[in-house]
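# Examination of the molecular architecture
Okay, here's what each chain looks like letter by letter:
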Amino acid sequence: MEYVLMTDSDSDLPYELKVKYDIPVVYMPYALDGKEYFDDLGQTIDHKTYFDKMRAGATPVTSALNEATYLDYFEPILKEKDLLFIAFSSQLSCTLQAVASAREKLLKKYPERKFIVVDTLSISAPQTLLVLKAHEMYMNGAPIEEVAQWLEDNKLRAHGWFTVDDLKYLKRGGRISAAAATFGTMLDLKPMLTESREGKLVAVDKVRGRRKAITYLVDKAVEYVDDPTESMGIILHSDAMEDATRLKELLQGKFPEMDIRIYPLGPVIGAHAGPGVISFCFIGKERTI
């Protein structure tokens, strides 16, 4: 191919799919127990170990890459080929500013190259689903402009619906107040979150109890899934395999034709939401929130 299709690890692209499809990935940084790591999709620190550390009191901190690091990732590619970079939402970090700055510098240095950046307005598995559809087009020989346009036209069809198990992690990250966390814990309230049209993670509802939260995820899939065979569905979990398996069983009852897979949540959303997250992600009708 005349160009390279690339993404970042905030997509939570499963490592097995990265290897299978040979997709280059920019590894995003985080700190744990005072040491800096890069999210290499669970290779240095496996996902269970990461969430066990959080349960034991560790407080991971996420951060953004700078322009110089992006230059190091992008320039070796642009020396040889054009580049399509599929990025996580600009509304969740200042990272895309560094990407834009690196792109501007590199296009001045390599004016013959095409370098397209797509802001997916997603993070985690919804971003992965867009990457995988784009990669399918890429492997079928679609030119860089056609793939980028498909992403722009379809990115609001990528859904992620989430719930958390313990409100203390949202409280610690400033997502909810201490009073709301205390009150919610007493009543066993589970917030329901999604990725909005603006590319933000927003709380849209709350239900009482884990079982109702899982049912809510199924209901949202029924509401928004358009063609169950268009793409796989991804269940994400942060060390909550039992609930993930139950969710899969319920979803398969609704969508027997859909390829539904269970994968671990990565350290970025995991740092803010903690162990026990359960999510369903898919491509369907456009987001309405």
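Everything quoted here is computed from the prediction, not taken from an experiment.

## Describing the packing of aromatic side chains
Applying the stated criterion to the full structure yields 10 aromatic pairs. Measuring from centroid to centroid gives 5.0 Å for Tyr-3 and Tyr-138, while their planes differ by 75°, and the two rings are edge-to-face. Of this pair, Tyr-3 sits in strand β1 (residues 3–8) while Tyr-138 sits in helix α5 (residues 125–139), placing them 135 residues apart in sequence. Plain terms: the ring middles of Tyr-30 and Tyr-50 are 5.6 Å apart, the flat faces sit at 90° to each other, and that makes the pair edge-to-face. Pair noted here: Tyr-30 is in strand β3 (residues 29–32) and Tyr-50 is in helix α2 (residues 47–55), with a separation of 20 residues, a long-range link. There is no split in this pair, since Tyr-30 and Tyr-50 are both buried. Taken together, the aromatic side chains of Tyr-30, Tyr-37, Tyr-50 and Phe-51 make up a single cluster linked through ring pairs.

## Digging into the packing of helix α9 (residues 210–224) against helix α10 (residues 241–254)
For the pair α9 and α10, interaxial distance at closest approach is 10 Å and the crossing angle is 35°. In the packing of α9 onto α10, the handedness of the crossing is right-handed. Contacts from Arg-210, Arg-211, Ile-214, Leu-217, Val-218, Ala-221 and Val-222 of α9 reach α10 at Asp-243, Arg-246, Leu-247, Leu-250, Leu-251 and Lys-254. Class assignment of the residues belonging to the contact of α9 with α10 gives a composition of eight nonpolar, no polar and five charged.

## A closer look at the environment of Pro-228
With respect to the helices and strands, the residue Pro-228 is situated in the loop between α9 and β11 (233–237). Along the sequence, Pro-228 and Ser-9 sit 219 residues apart, while their C-alpha atoms lie 26 Å from each other. Pro-228 has contacts with Phe-255, Glu-257 and Met-258, leaving out every residue within four places of it along the chain.

## Thoughts on the sheet that holds strand β7 (residues 115–119)
In spatial order, the strands read β2-β1-β6-β7; together these four strands make up an open sheet with parallel pairing. Since the sheet does not close on itself, it has two edges, and those belong to β2 (25–26) and β7, each with one partner. Relative to β2, β1 is paired through two bridges, and the arrangement is parallel. Residue Asp-8 lies in a different strand from β2, and its bridge partner there is Val-26. Each of β1 and β6 (82–87) touches α5; the most contacted strand, β1, lies at about 170° to it.

What counts as what
Residues numbered from 1 in each chain as written. Predicted model: local features only at pLDDT ≥ 70, side-chain atom pairs only at ≥ 80, totals over all residues. Heavy atoms only, no water. Phe/Tyr/Trp six-rings, centres within 6.5 Å; stacked < 30°, edge-to-face > 60°. Helix = DSSP H or I, 4+ residues; strand = E, 2+ residues; numbered from the N terminus. Buried < 20%, exposed > 50% of the residue type's maximum accessible area, 1.4 Å probe, protein only. Axes fitted to C-alpha atoms, helices over the stretch in contact; angles between N-to-C directions. Left-handed = near helix turned anticlockwise from the far one by under 90°. Contact = heavy atoms within 4.5 Å. Nonpolar A, V, L, I, M, F, W, Y, C, P; charged D, E, K, R; others polar. Pairing = 2+ DSSP bridges.

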